[in-house]
Amino acid sequence: MKHQKKFDQKQQQTSEVQSQQKVEHEFATVEELLRFDAQRTGVPPEVARRLNRSLRKEPAPPRPWWRRWLGQQ
Amino acid sequence: MDNSLEQRVCRPGLELESDGFAALYRAHSREIYYLTLRLLGDPQKAEDATHDVFLKAYKKHDEFRGDSSWRTWLYRIAINHCSNLRQSWHSRNLVTNGEESTWENMPAMADSPLRVLETKELGQRIQKTLDSLSEEYRVLLLLVADEELSYEAIAVLTDQSADAVRGKLHRARKAFAFSFQKTL
């Protein structure tokens, strides 16, 4: 029991060290740094959901002039 | 991407690209969200702004003349939108970017590589650094980071010559590098 507890503690410490390991990056320019930052920044899915709700409230676009002229739907 | 959004925006008669508005959103929403996030410095405001930018684009798509790319057109809407938001915010909260005279006399730190640790704080450091710059430098750096935009496109977007963009970007990189080191 005591041995198991010690093992668990050690395993926990190992996983903490692993999670604290940080990757060092080197960027030649500011643009590279910002590009890296942009790549790891995703758009929250809520934006698409909200946009969808807003688009539902928008009136349908008018028929193109050539359809009106030809009397088509 | 929400399926119903795709169905909705691809309806006949919208006359955007053949793939429709959903394709436009898929292709450019990441860049627009990132720009608004770093210009406004707040994820919730960036969500609102990205929504508003695409809604404006939807409503005004017939004003798109095709003399620039869709991305450039969306960037213009986003920059104007963020600028309006920031102006109304600044009128209520006076904020200055007082660092610019300090870094002007510093050695060319922009020529040295930036070494950073990938941590969750990295985004905060970048945000803090951008916040310390003028709005013009911030916009220029964020635009030039998009590889799809040429100096000429950035010049058109920011109403100046390509040479002026190059000159200001040189100073903006220097200012960023100086401020970024101070965020450690």
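Structure's up top.
Everything in this summary refers to the structure shown in the same document.

How each quantity is defined
- Residues numbered from 1 in each chain as written.
- Chains lettered and ligands numbered in written order.
- Predicted model: local features only at pLDDT ≥ 70, side-chain atom pairs only at ≥ 80, totals over all residues.
- Heavy atoms only, no water.
- Helix = DSSP H or I, 4+ residues; strand = E, 2+ residues; numbered from the N terminus.
- Buried < 20%, exposed > 50% of the residue type's maximum accessible area, 1.4 Å probe, protein only.
- Contact = heavy atoms within 4.5 Å.
- Areas by Shrake-Rupley, 256 points an atom, 1.4 Å probe, with all protein chains shown as cover.
- Phe/Tyr/Trp six-rings, centres within 6.5 Å; stacked < 30°, edge-to-face > 60°.
- Lys NZ or Arg CZ within 6 Å of the ring centre and 35° of its normal.
- Axes fitted to C-alpha atoms, helices over the stretch in contact; angles between N-to-C directions.
- Parallel < 35°, antiparallel > 145°, perpendicular 65-115°, else oblique.
- Left-handed = near helix turned anticlockwise from the far one by under 90°.
- Nonpolar A, V, L, I, M, F, W, Y, C, P; charged D, E, K, R; others polar.
- Buried area = accessible area lost by both parts, 1.4 Å probe.
- Salt bridge = Lys/Arg side-chain N within 4 Å of Asp/Glu carboxyl O.
- Polar contact = N/O pair within 3.5 Å; in protein donor to acceptor, adjacent residues only side chain to side chain.

Our next topic: the overall build of chain B. Helix and strand counts for chain B stand at nine helices and one strand. Mapped from its N terminus to its C terminus, chain B presents α and β elements in the order α-α-α-α-α-β-α-α-α-α. Out of the 184 residues in chain B, the part that is buried amounts to 49%. A separation threshold of at least 6 residues defines the contact pool for chain B, and within that pool the share at least 24 residues apart is 68%. A total accessible area of about 9,200 Å² is found for chain B, and carbon and sulfur atoms account for 47% of it.

This paragraph deals with the overall build of chain A. Summing up its helical and strand segments, chain A has four helices and one strand in all. In chain A, the succession of α and β elements from N to C terminus is α-β-α-α-α. In chain A, which comprises 73 residues, the share counted as buried stands at 26%. Roughly 5,900 Å² of accessible area belongs to chain A as shown, and the carbon and sulfur atoms make up 52% of that amount.

Residue and element names in this part refer to chain B. Within the structure shown, the criterion is met by eight aromatic pairs over all chains. Considering the side-chain rings of F21 and Y58, the 5.2 Å spacing of their centres and the 80° angle between planes classify their relative orientation as edge-to-face. Residue F21 is located in helix α2 (residues 20-40), and its partner Y58 is located in helix α3 (residues 43-59); the two are separated by 37 residues in the primary sequence. The class of Y58 is buried, set by a relative accessible area of 4%. A connected cluster of aromatic rings, assembled from ring pairs, spans F21, Y25, F54 and Y58. Lying over the aromatic face of F180, R125 brings its terminal NZ or CZ to 4.0 Å of the ring centre. Sitting above the plane of the Y151 ring, R166 keeps its charged end 4.8 Å from the centroid.

Before going further, it helps to spend a moment on the packing of helix α7 (residues 135-144) of chain B against helix α9 (residues 162-182) of chain B. Residues and elements named next belong to chain B. The N-to-C vectors of α7 and α9 enclose an angle of 100°; their axes lie 9 Å apart at closest approach. For the element pair α7 / α9, the angle class is roughly perpendicular. Contacts between α7 and α9 involve E136, Y137, L140, L141 and V144 on the former and, on the latter, V165, K168, L169, R171, A172, R173, A175 and F176.

In terms of residue burial, helix α2 (residues 30-39) of chain A counts as a mostly covered element, since seven of its 10 residues are buried. Those residues of α2 of chain A that sit buried are V30, E31, L33, L34, F36, D37 and A38 of chain A.

Running from amino to carboxyl end, α2 of chain A crosses helix α6 (residues 122-131) of chain B at an angle of 130°, the nearest separation of the two axes being 11 Å. The angle between α2 of chain A and α6 of chain B falls in the class oblique. Along this stretch, α2 of chain A crosses α6 of chain B, giving a crossing that reads as left-handed. Contacts between α2 of chain A and α6 of chain B pair L33, L34, F36 and D37 of chain A from the former with L122, G123, I126 and L130 of chain B from the latter. Residue composition of the contact of α2 of chain A with α6 of chain B, by class: six nonpolar, one polar and one charged.

Our focus in this paragraph is the interface of chain B and chain A. Chain B puts 46 residues into the contact, and the matching count from chain A is 38 residues. Across the interface of chain B and chain A, roughly 4,000 Å² is buried in total on both sides, 62% from carbon and sulfur atoms. Summed over the shared surface of chain B and chain A, the number is five salt bridges. Between R173 of chain B and E31 of chain A there is a salt bridge whose closest N-O contact spans 2.8 Å. In this structure, the connection of chain B to chain A is made through 10 residue pairs in polar contact (both at pLDDT 80 or more). Looking at the side of chain B that touches chain A, the elements with two or more residues in it are α1 (3-9), α2, α3, β1 (114-118), α6, α7 and α9 of chain B. Looking at the side of chain B that touches chain A, the element that brings in the most residues is α3 of chain B, giving nine residues.

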